[in-house]
Amino acid sequence: MKIVKPALFLGFALICCVATGVVSSLFVSNYRSSEAQNFPAALLANTSDRLDGYLTCTGYVDAGVEAVYVLDSTTGMLSVGVLSKHPAARGFQARYQGNVLMDLEKAITVLNRQATGGKKSSSRSKRGVTDIPQVALAMPAEPKYIMSVGSHDITSTGNTRFGASALYVTEVNTGLMFVYILPWNPTAHSSNSPVAMPISYYTIERFLVPMVVEESVDEG
C-alpha cells in the first residue's frame, strides 16, 4: 500500500482548486455575456448618485447612446447632456435644460385649482396628470427629490422622437412624481449638429403619500 506524502497531496489539491476556479470563472463570464444579450442595455447600464443636494443619473436615449442627468435640488435646475459621437468634437452634442422647482410650483397651482373646482384630473388630460386626489397641496419650504431612470415603450415617429429612457423625479413632501422624456434627433447626433432644447415633464402623478399636512378642500 502506497502512502501519499502530504506535500504531494496538498499540491494536487491546489491544482484542482485553481482549475475549478478557472472553469467557474469562465462559466460565470459566459453566463453574464449571454444574459447581457437577452436584456436591453438600458436595464444594465443606468447609474445614479447624489451628494449635498445634487442628484445625477444616466440613461439611454438611443442604442448605445447615453444621456447624463444632473439635478440641483436647491434651484430645481435639471441639466442633461449627450456626448458627441465624433472624437474631434470632444464635447456634448445635445444639451437640454429644465426646472423641476418651477414645474412643481405650476403643477401645485393647477392641481389646487382643479381641486377647489371639485374636479379630479384625468389621465387623458393634456399634461397627463393622473387621478390626483381632491386636496389642497402646499408648496414645500424645502423640496426634497429622489431621481431615477428607466426604459419605456412609448412609440413616436419623425426626425425628433422620444428618447429611449424616462427620467422619474419625485418630490417626496407632496408625493408628486414628474416624468421627463428627452426629445431625441438621431440624425442631428450622427451629423454632430448641436442641439440645445428646453425640457418639460411628459406627465405627473401623485405617487407617494405626502409628508406635509394637507388642507381639506371645502366643497361647500
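To be clear, the structure that these remarks concern was listed above.
Summarised in this report is the structure supplied together with it.

## Topic: the overall build of the chain
Right, so step 1: The number of helices and strands found in the chain is 4 helices and 12 strands.
Right, so step 2: For the chain, buried positions account for 35% of its 220 residues.
Right, so step 3: For the chain, long-range pairs separated by at least 24 residues make up 54% of all intrachain contacts whose partners lie at least 6 apart in sequence.
Right, so step 4: In the form shown here, the chain has an accessible surface area of approximately 13,900 Å², with 59% of it arising from carbon and sulfur atoms.

## Comments concerning the environment of tyrosine 202
Right, so step 1: Within the secondary structure, tyrosine 202 sits in the loop between β10 (195-198) and β11 (203-206).
Right, so step 2: Of the residues examined, tyrosine 202 reaches a relative accessible area of 36% and is grouped as partly exposed.

## Thoughts on helix α3 (residues 100-116)
Right, so step 1: Across its 17 residues, α3 extends 24 Å between first and last C-alpha, which sits within 8% of the 24 Å expected from 1.5 Å per residue.
Right, so step 2: Here α3 has its buried residues at Val100, Leu101, Asp103, Leu104, Ala107, Ile108, Leu111, Asn112 and Ala115. Along the axis of α3, the buried positions cluster into a sector of 155°, meaning they face one direction only. When the buried face of α3 is taken as reference, the exposed residues oriented beyond 90 degrees from it are Lys106, Arg113 and Thr116.
Right, so step 3: Between the side-chain oxygen at the start of α3 and the backbone nitrogen of leucine 101 there is a gap of 3.0 Å, and the oxygen is on asparagine 99.

## Things to note about the nonpolar core
Right, so step 1: Judged by nonpolar contacts, the single largest core of 34 residues is most densely connected at Tyr69, Leu78, Tyr96, Met147 and Leu167.
Right, so step 2: Of all elements in the fold, only β2 (54-62), β3 (65-72), β4 (77-83), β5 (92-99), α3, β7 (145-151), β8 (161-171) and β9 (176-184) reach the threshold of two or more residues within this core.
Right, so step 3: A per-element tally of this core places α3 first, with 6 residues.

## Quick look at the side chain of threonine 58
Right, so step 1: The residue threonine 58 is located in strand β2 in this model.
Right, so step 2: Of the residues examined, threonine 58 reaches a relative accessible area of 15% and is grouped as buried.
Right, so step 3: Here glutamate 66 takes part through its side chain, which lies 3.3 Å from a polar atom of the side chain of threonine 58.

## Description of unusual backbone geometry
Right, so step 1: A positive phi is found at arginine 90, a non-glycine position, where the angle reads about 50°.
Right, so step 2: Here arginine 90 lies in the loop between β4 and β5.
Right, so step 3: Residue asparagine 192 is not a glycine yet carries a positive backbone phi of 60°.
Right, so step 4: Along the chain, asparagine 192 turns up in the loop between α4 (186-190) and β10.

## Comments concerning a nonpolar patch on the surface
Right, so step 1: On the surface, Ile146, Phe207 and Leu208 cluster together into a nonpolar patch covering about 280 Å² of accessible area.
Right, so step 2: Looking at where phenylalanine 207 falls in the secondary structure, it is placed in the loop between β11 and β12 (215-216).
Right, so step 3: Its relative accessible area of 52% is what places phenylalanine 207 among the exposed residues.

## Remarks on the pairing of β3
Right, so step 1: Strand direction decides the pairing type here: β2 and β3, joined by 8 bridges, are antiparallel. The residue bridging aspartate 62 from the neighbouring strand is valine 65, located in β3.
Right, so step 2: Joining the antiparallel neighbours β2 and β3 is a turn of 2 residues, in which glycine 64 adopts a positive phi near 75°.
Right, so step 3: When β3 meets β4, the two strands line up antiparallel, connected through 5 bridges. Opposite alanine 67, over in β4, you have valine 82 as the bridge partner.
Right, so step 4: Taking the residues that link successive antiparallel strands as the turn, the β3-β4 hairpin has 4 residues, and the phi of glycine 76 there is positive, at about 80°.

## Observations concerning the side chain of asparagine 173
Right, so step 1: With respect to the helices and strands, asparagine 173 occurs in the loop between β8 and β9.
Right, so step 2: Looking at asparagine 173, its side chain comes within polar contact range of the main-chain oxygen of glutamate 142, at 3.2 Å.
Right, so step 3: Within the structure, the side chain of asparagine 173 is placed 2.7 Å from the side chain of glutamate 171, a separation counted as a polar contact.

## A closer look at the sheet that holds β7
Paired through their backbone hydrogen bonds, the strands of a sheet run either parallel or antiparallel.
Right, so step 1: Taken together, 4 strands build an open sheet; the order of strands is β7-β8-β9-β11 and the sheet is antiparallel. Among the strands making up the open sheet, the edge pair consists of β7 and β11. Each strand axis lies, on average, 20° off the axis of its neighbour in the sheet, ignoring direction.
Right, so step 2: Judged from the 7 bridges that link them, β7 and β8 form a sheet pairing that is antiparallel. Looking at β8, one finds that serine 151 is bridged to serine 165.

Reading guide: rules and limits
- Residues numbered from 1 in each chain as written.
- Predicted model: local features only at pLDDT ≥ 70, side-chain atom pairs only at ≥ 80, totals over all residues.
- Heavy atoms only, no water.
- Helix = DSSP H or I, 4+ residues; strand = E, 2+ residues; numbered from the N terminus.
- Buried < 20%, exposed > 50% of the residue type's maximum accessible area, 1.4 Å probe, protein only.
- Contact = heavy atoms within 4.5 Å.
- Areas by Shrake-Rupley, 256 points an atom, 1.4 Å probe, with all protein chains shown as cover.
- Expected span 1.5 Å × (residues − 1).
- Arc of directions from axis to C-beta.
- Polar contact = N/O pair within 3.5 Å; in protein donor to acceptor, adjacent residues only side chain to side chain.
- Core = buried A, V, L, I, M, F, W, Y, C linked by side-chain atoms within 4.5 Å.
- Patch = residues over 30% accessible without salt bridge, like charges linked within 9 Å, V, L, I, M, F, W, Y side chains within 5 Å.
- Salt bridge = Lys/Arg side-chain N within 4 Å of Asp/Glu carboxyl O.
- Pairing = 2+ DSSP bridges.
- Axes fitted to C-alpha atoms, helices over the stretch in contact; angles between N-to-C directions.

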